[in-house]
Amino acid sequence: MNEQIAKIIQAWRGATKQNKLDLIRDIVKTGQRDGIKLLSQIVSRDNDIEVRQSARKAYNVLYRYCFGEAEEVDKKDSAVKELTLDKIYDMLADGDPEQEFEIMTYLQERPIPEVLEYLREHYLAYTDDRVKATLVKTIGMQASAADVPIVYTFLEDESPRVRANAIEALEYINHPNTYSIYVQWLSDTDNRVKANCIKALRRLGSSNVNRILEDMLHSDYVAYKESALYVISLTPSVSGLYLIQNFLAQELDVSLIENAINIIQDFVGNNIEGADEYLSEYYGDNSYLEYDDIVDCGFDEKDLESEDPDIVLRALSRILENHYVDFGSQLSKILDTHTNNVKIVSYLIRILGEFKLKEFLPQILPYLNSKDDRVRANTVETIGSFGKAEIFLEKYLNDPNNRVRANAIIALNGTRVDPLQNCIELAYHSDPLYKRSAIFAMKHLKNPKCLDVLSFLVRDQDELVRNQALEVIQFYEICGIREATKVLQNCGVSLYQLED
């Protein structure tokens, strides 16, 4: 983290309103990208509307400074219109990024069907980030649902510029099968990607978005839940409060619970009906913390040594939120000092996995035998992320817990062990929770052989199972798995129209 930003974070703790406004100006003056994240936290968490508004304006200024405005090309003076098709094809194939960029931007305003088809066939040939970003936007502007699989490949690109334009391309296409992608990619590390996702979601209307958010909040994937909560926090509403209430009724992850409570606190500040009453009931004695105590963008390393588990958990939440990878050794010590606290242990193991701290594998391995399902599931997931699944995890394909088994299936995918049969067995379990875990695993497998099972689950008695199974089939089609198209055409919800 930038040293100036770190000092501002420390000064923020306990600052008065006027001091906060001054600090916001200081954040902009740093010109650092770390300041964008800090301003985003202030916008979503501070209880003073003037501070939030000031932070929002500062965010826009700093974002423009760090990333600049979108580039434009003078299409009127383009020489492309004077070229023959053969010459255009030659220019697109000779590896000159400037020529490629000029042709692709020209096509945005004056589409040439033959050239666009050429780009669809050769989209993987381009390596320049600016060219790829322009290419995916050009394809998306044709508003053809058949182009969604091509666009989706660009969402997995290393360049945030390319990913941001891929989201914009999906917005041009505007097909309902792709709506959930906007929520999923809110977990992207780049702010422009997030901004494009938010812009797209606001165009969908509340009913469509709420359906997507409900599914995401009931997902087994933490990043989906985090993104869904972020979307809800953007527009305080009674419907958003109901979504969070249902979420809190069954969520166990400490950081997610804290995030959800912070959002409801913000709802109280926005006078959302029922928010204050819910918090009163949630805390029982109506003695919950004042919002200024909860809003804390800073981090005190000493909290990691506290004997109070709640303080330790709050500190761990800050470490994960701010990606403080350098605290690996301290995290390792906490595993020893709080070994009997399953909340702390399961959360710590998750953090070590997300940070890819492979050096702590020997310390994590014993928790594969934990009696607590959450600890065991997080341990399996973390060891899989370390690339050690084939050595340690095969027996957990038959674990009695659904989430442990699903994580083992995902971790072992692509190894000498074929976990597909275990996934199928999980899918045909009588308990809907096991079926949902199987669906979660099948989404990661991206295996056409799963389609028969998913088609069966689309007719399940449980509504959530049905919805999630259909969403995975749609995801398969988005990823270019043609067999999924046949299934979806029979359901009338494919990207592609049925052929005559």
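The model shown is predicted, which means the values in this text are computed figures rather than measured ones.

### Some thoughts on the packing of aromatic side chains
Then comes step 1: By the definition in use, this model includes six aromatic pairs.
Then comes step 2: Ring geometry for Tyr 89 and Tyr 118: centres 5.0 Å apart, planes at 25°, overall stacked. Remark: Tyr 118 occurs in helix H7 (residues 113-122) and Tyr 89 occurs in helix H5 (residues 85-93); sequence separation between them is 29 residues.
Then comes step 3: Members of the aromatic cluster, joined through ring pairs, are Tyr 152, Trp 185 and Phe 475.
Then comes step 4: The cationic tip of Arg 130 hangs over the ring face of Phe 101; the distance from NZ or CZ to the ring centre is 3.8 Å.

### Observations regarding the side chain of Asp 460
Then comes step 1: Tracing the backbone shows Asp 460 in the loop between helix H28 (451-457) and helix H29 (463-478).
Then comes step 2: A residue is classified by how much of its surface remains accessible, and Asp 460, at 10% relative accessible area, is buried.
Then comes step 3: A polar side-chain atom of Asp 460 sits 2.6 Å from a polar atom in the side chain of Lys 435.
Then comes step 4: Discounting residues that sit within four places of it in the chain, Asp 460 has contacts with Lys 435, Val 465 and Arg 466.

### Here we look at the pattern of salt bridges
Then comes step 1: One pass over the structure, following the stated rule, counts 23 salt bridges.
Then comes step 2: Across the pair Asp 147 and Arg 120 runs a salt bridge, and its minimum N-O distance is 2.7 Å. Linking Asp 147 in the loop between helix H8 (129-140) and helix H9 (148-155) with Arg 120 in helix H7, this pair joins segments that are 27 residues apart in sequence.
Then comes step 3: Between Lys 443 and Glu 471 there is a salt bridge, with its nearest N and O atoms 3.7 Å apart. Of this pair, Lys 443 sits in helix H27 (residues 432-445) while Glu 471 is found in helix H29, placing the two residues 28 residues apart along the sequence.
Then comes step 4: Sharing partners across several salt bridges, the network here consists of Glu 117, Arg 120 and Asp 147.

### Quick notes on the state of the cysteines
Then comes step 1: For the coordinates displayed, the defined rule picks out zero disulfides.
Then comes step 2: The thiol sulfur of Cys 423 is not disulfide-bonded, and the nearest other cysteine sulfur, from Cys 450, lies at 5.2 Å.
Then comes step 3: Judged by its relative accessible area of 0%, Cys 423 falls in the buried class.
Then comes step 4: We classify Cys 450 as buried; its relative accessible area is 1%.

### Focus on helix H23 (residues 373-385)
Then comes step 1: Taking 1.5 Å per residue as the helical rise, H23 with its 13 residues ought to reach 18 Å, and the 18 Å between its terminal C-alpha atoms agrees with that figure.
Then comes step 2: Taken as a whole, H23 has its buried residues at Val 375, Arg 376, Ala 377, Asn 378, Thr 379, Val 380, Thr 382 and Ile 383.
Then comes step 3: Where H23 begins, one side-chain oxygen reaches toward the backbone nitrogen of Arg 374, 3.1 Å away; that side chain belongs to Asp 372.
Then comes step 4: After H23 finishes, the residue Gly 387 shows a positive phi value of roughly 80°.

### Topic: unusual backbone geometry
Then comes step 1: For Asn 174, which is not a glycine, the phi torsion comes out positive at approximately 55°.
Then comes step 2: In this fold, Asn 174 is placed in the loop between helix H10 (160-173) and helix H11 (179-184).
Then comes step 3: Even without glycine at this site, Lys 356 takes up a positive phi of about 55°.
Then comes step 4: Mapping Lys 356 onto the fold places it in the loop between helix H21 (342-354) and helix H22 (361-364).
Then comes step 5: Judged by relative accessible area, Lys 356 falls into the partly exposed class, the value being 45%.

### Quick notes on the environment of Glu 381
Then comes step 1: Secondary-structure assignment places Glu 381 in helix H23.
Then comes step 2: With a relative accessible area of 37%, Glu 381 lands in the partly exposed category.
Then comes step 3: As a C-alpha pair, Glu 381 and Lys 371 span ten residues in sequence and 16 Å in three-dimensional space.
Then comes step 4: Ignoring sequence-local partners within four residues, the contact set of Glu 381 consists of Arg 403 and Asn 407.

### Here's the deal with H7
Then comes step 1: Taken as a whole, H7 has its buried residues at Val 115, Leu 116, Tyr 118 and Leu 119. An end-on view of H7 places all buried positions within 155° of arc, on one side of the element. When the buried face of H7 is taken as reference, the exposed residues oriented beyond 90 degrees from it are Pro 113 and Glu 121.
Then comes step 2: Those residues of H7 that are buried lie in contact with H5, helix H6 (97-109) and H8.

About the thresholds
- Residues numbered from 1 in each chain as written.
- Predicted model: local features only at pLDDT ≥ 70, side-chain atom pairs only at ≥ 80, totals over all residues.
- Heavy atoms only, no water.
- Phe/Tyr/Trp six-rings, centres within 6.5 Å; stacked < 30°, edge-to-face > 60°.
- Helix = DSSP H or I, 4+ residues; strand = E, 2+ residues; numbered from the N terminus.
- Lys NZ or Arg CZ within 6 Å of the ring centre and 35° of its normal.
- Buried < 20%, exposed > 50% of the residue type's maximum accessible area, 1.4 Å probe, protein only.
- Polar contact = N/O pair within 3.5 Å; in protein donor to acceptor, adjacent residues only side chain to side chain.
- Contact = heavy atoms within 4.5 Å.
- Salt bridge = Lys/Arg side-chain N within 4 Å of Asp/Glu carboxyl O.
- Disulfide = S-S within 2.5 Å.
- Expected span 1.5 Å × (residues − 1).
- Arc of directions from axis to C-beta.

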